[in-house]
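Each chain, written out:
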Amino acid sequence: MASKTYRPATLLVHQGNDRDPATGASAIPIYQASTYHHFEGKPGEYDYARSGNPSRQQVEDAIALLEGGVRGFAYASGMAAVASALSLLHSGDHLIAPNDLYGGTWRYLSLILPDQGIEVSFVDITDLQQIEDAIRPSTRGIFLETPSNPLFNITDIRAVAAIAKERGLLSFLDNTFMTPLLQRPLDLGIDVVIHSATKFLGGHSDILAGLATTANPELAGRLKRFQNAFGAVLAPFDCFLLSRGIKTLKLRLEAGQQGAQVLAERLQNHPAVARVWFPGLSDFAGRDLHFSQATGPGAVLSFELKDKGDIAPLLQQVRLPIIAPSLGGVETILTHCWSMSHAAIPAATKTALGINETLLRISVGIEDVEDLWEDLCQGLPAR
Ligand SMILES: *Cc1c(COP(=O)(O)O)cnc(C)c1O
């Protein structure tokens, strides 16, 4: 089934291998083995499970097919994918990154990379001039997330990829929020795409997983070497769950997206709500740019309450959403960004970025949206 000509919905279901080559089984089994026999003394396709195994091959082929890469890589978490992709940089290199970044990635870039001799400049990455101004002789890479989280700042992917190409820099994009179903960064000129597959690709809040892919064979070779050497690989059982999750991505994401549209529009008119951020709203600031590079608004929205005192009662009173950091599950997840997803970022930095204590993020699941709305309303003051 190794063809790139199928449309996304078909690729999601059939992935690289839609039946076990060994037995014809309708799902690739969980190859729970650490090593592989050398028949007649010769290594076969698989040798030692860190280097590769059929369960992992399944999801690695899937992400490469879905994103248009030459090869995919599966890691033990999204952060392992971020860190492994950034292994393409060397000590002495400089990286440009958004100041408005997933908290865990911010922590890695600001606390770990500098110790390894890689300096990072955090800029307003939506402003191309700020990128140009941050470029130094040692700059080797630009890291992107668009839409950003939780404030949905939209970066012009084509324009940043063009700057990277012109200046000989590597471009990285964390595509967790959009998934390849809505946004395909490699087609827009990005070098390496990264996912926390813990979120929409896995889709059931039951695994941690990371994926990366590239359309550049030379970069793919280097990522492969690092993956094998470093060993932060995704285990066979989690590969099975991830592959199973990917099969239903279209149905889940479309349902969540429809629910998010309804909730965003209603929250915008709720008296307790100060502001809503969602690319599907007609007055969303980055709307045209977002829809020039993505085919949907996604299933996540943020909103700010007028009164800080309404946050705690809401978090206590809602029954349906899981109150937690994370997103992209079949169940709705309500996050207080300040204390959960962005807890790693110092308070002053959060405030400067506009991530206030009154900000909440909802990843809309596949429940009936009327139940979600009633649940939110009973937690918010009717004022
Ligand atoms: C969750 C997340 C990550 C980190 O992924 P883990 O699987 O939790 O390690 C990275 N980027 C984004 C945008 C995320 O939402």
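Everything numeric here is computed off the predicted structure, so don't read it as measured data.

Analysis parameters
Residues numbered from 1 in each chain as written. Predicted model: local features only at pLDDT ≥ 70, side-chain atom pairs only at ≥ 80, totals over all residues. Heavy atoms only, no water. Pairing = 2+ DSSP bridges. Helix = DSSP H or I, 4+ residues; strand = E, 2+ residues; numbered from the N terminus. Contact = heavy atoms within 4.5 Å. Axes fitted to C-alpha atoms, helices over the stretch in contact; angles between N-to-C directions. Near = heavy atom within 4 Å. Polar contact = N/O pair within 3.5 Å; in protein donor to acceptor, adjacent residues only side chain to side chain. Areas by Shrake-Rupley, 256 points an atom, 1.4 Å probe, with all protein chains shown as cover. 1 Å grid on protein atoms, 1.4 Å probe; cavity = no way out; pocket = protein on both sides within 12 Å on 5 of 7 lines; lining within 4 Å. Sits in = over half its atoms within 2 Å of the grid points. Nonpolar A, V, L, I, M, F, W, Y, C, P; charged D, E, K, R; others polar. Core = buried A, V, L, I, M, F, W, Y, C linked by side-chain atoms within 4.5 Å. Buried < 20%, exposed > 50% of the residue type's maximum accessible area, 1.4 Å probe, protein only. Domains from an automatic or database assignment. Buried area = accessible area lost by both parts, 1.4 Å probe. Salt bridge = Lys/Arg side-chain N within 4 Å of Asp/Glu carboxyl O.

Ordered in space as 8-9-12-11-10, the 5 strands form an open sheet in which the pairing is mixed. The two strands at the open ends of the sheet, each matched to only one other strand, are strand 8 (273-277) and strand 10 (322-323). By the bridge criterion, 4 bridges tie strand 11 (residues 333-336) to strand 12 (residues 359-363) in an arrangement that is antiparallel. Considered in strand 12, the bridge of T335 is made with R361. Packing against the sheet, helix 10 (residues 249-268) makes contact with strand 8, strand 9 (300-305) and strand 12, and its axis sits at approximately 15° to strand 9.

A word on the site of the ligand. Neighbouring residues of the ligand: S77, G78, M79, Y102, D174, T176, S196, T198, K199, L208 and A209. In this structure, D174 approaches the ligand through a side-chain N or O atom, which is 2.6 Å from a nitrogen atom. Within the side chain of S196, an N or O atom sits 2.9 Å from an oxygen atom of the ligand. Protein contact buries 92% of the 380 Å² of open area that the ligand shows by itself. Judged by its atoms lying within 2 Å of the grid points, the ligand is housed in the largest pocket. Among the residues forming the shell around the ligand, the class breakdown is 4 nonpolar, 5 polar and 2 charged.

So, on to the sheet that holds strand 2 (residues 94-98). Sheets are built from strands paired through backbone hydrogen bonds, the pairs being either parallel or antiparallel. The strand order 1-7-6-5-4-2-3 describes an open sheet built from 7 strands, whose pairing is mixed. Every interior strand has two partners, whereas the edge strands, strand 1 (71-75) and strand 3 (119-123), have only one. The sheet shows a mean angle of 20° between the axes of neighbouring strands, taken without regard to direction. Across 3 bridges, the pairing between strand 2 and strand 4 (residues 139-145) is parallel. Its bridge partner being in strand 4, I96 is matched across the sheet by I142. Along the sheet face, helix 4 (residues 103-112) touches strand 2, strand 3 and strand 4 and points at about 135° away from the line of strand 3.

L242, L267, L301, F303 and L314 are the most contacted members of the largest nonpolar core, which totals 61 residues. In terms of residues, this core owes the most to one element, helix 10, which gives 6 residues. In this structure, this core is formed jointly by two domains, domain 1 (3-247) and domain 2 (249-379), each of which donates at least three residues. Of all hydrophobic cores here, the second largest spans 30 residues; its members include Y75, L101, L113 and A232.

This part is about the domain arrangement of the protein chain. You can read the domains of the protein chain as domain 1 (3-247) and domain 2 (249-379). Put simply, the middle of domain 1 and the middle of domain 2, counted by C-alpha atoms, are 25 Å apart. Listed per partner, the contact involves 38 residues of domain 1 and 41 residues of domain 2. Between domain 1 and domain 2, the buried area comes to about 3,200 Å², and carbon and sulfur atoms account for 67% of it. Counting across the domain 1 and domain 2 interface gives 0 salt bridges. Across the contact surface, domain 1 and domain 2 share 13 residue pairs in polar contact (both at pLDDT 80 or more). Secondary structure elements with two or more residues in the side of domain 1 that touches domain 2: helix 1 (8-14), helix 4, helix 6 (157-167), helix 7 (179-182) and helix 9 (236-247).

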